[in-house]
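Structure at a glance
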Amino acid sequence: RVRDLASRLKTAIVEVPGAALVSPEAPELSTGIVAFSVEGLTGSGLNQRMWEDFNILGRPASNESMRLSIAFFTTEDEIEAVISAIATLAHQSR
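Note that the structure is predicted; figures quoted are calculated from it, not measured. Per chain, the residues get numbers from 1 upward, laid out in the order the sequence is written. It should be noted that, the model being predicted, local features are given only for residues of pLDDT at least 70 and side-chain atom pairs only at 80 or more, the latter also being counted only at that level, while totals for whole chains, interfaces and linings use all residues. Working from all heavy atoms in the structure, the side-chain values ignore hydrogens and water.

Focus: the packing of aromatic side chains
Any aromatic ring pair is given by two values, namely how distant the centres are and how the planes are angled relative to each other. Pairs were defined over the aromatic rings of Phe, Tyr and Trp, the Trp ring being its six-membered one, requiring ring centres within 6.5 Å. Orientation was assigned from the angle between planes: stacked under 30 degrees, edge-to-face over 60, tilted for the rest. A complete count under the given rule lists 1 aromatic pair for this structure. Geometrically, the ring pair formed by Phe72 and Phe73 is edge-to-face, given 5.3 Å between the ring centres and 80° between the ring planes. Here the two residues Phe72 and Phe73 agree in accessibility, since each one is exposed. The cut-offs for exposure are 20% and 50% of the maximum accessible area for each residue type, with area from a 1.4 Å probe on protein chains only; residues under the lower value are buried, those over the upper are exposed, and the others partly exposed.

Here you go:
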């Protein structure tokens, strides 16, 4: 379940203009942690915007990216909300 949810999120991030996947895309090389960046935002800035604008809690992963942890209790609706938030921030940053 975690692998499927993480794969769904990673596939969507790759398709968002202005967003970039930092985690390995291949499921066999991945865990439930998904790291990504949004053009024009630092890792801390992205993390702050995700929390303040969308109530999505993650952690900065580097100067340029943040990470989210997918768990067995994460829902499909939560993954879709994250995808929407990333798309919104990427659009606003362009």
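A closer look at the pairing of strand β4 (residues 66-69)
Side chains of β4 alternate between two faces, with Met66 and Leu68 buried and Arg67 and Ser69 left unburied. Strands are treated as partners if at least two bridges between them are detected by DSSP. Only DSSP runs of H or I covering at least 4 residues are called helices, and only runs of E covering at least 2 are called strands; the numbering of each starts at the N terminus. Bridge count between strand β2 (residues 33-38) and β4: 4 bridges; the pairing is antiparallel. In the sheet register, Ile33 faces β4, and the bridge partner there is Ser69. Relative to β4, strand β3 (residues 59-60) is paired through 2 bridges, and the arrangement is antiparallel.

Side note on the pairing of β2
Within β2, 5 of the 6 residues are buried, which leaves it mostly tucked inside the rest of the structure. Here strand β1 (residues 19-21) runs beside β2; their pairing, made up of 3 bridges, is antiparallel. From the neighbouring strand, Ala19 faces β2, where its bridge partner is Val38.

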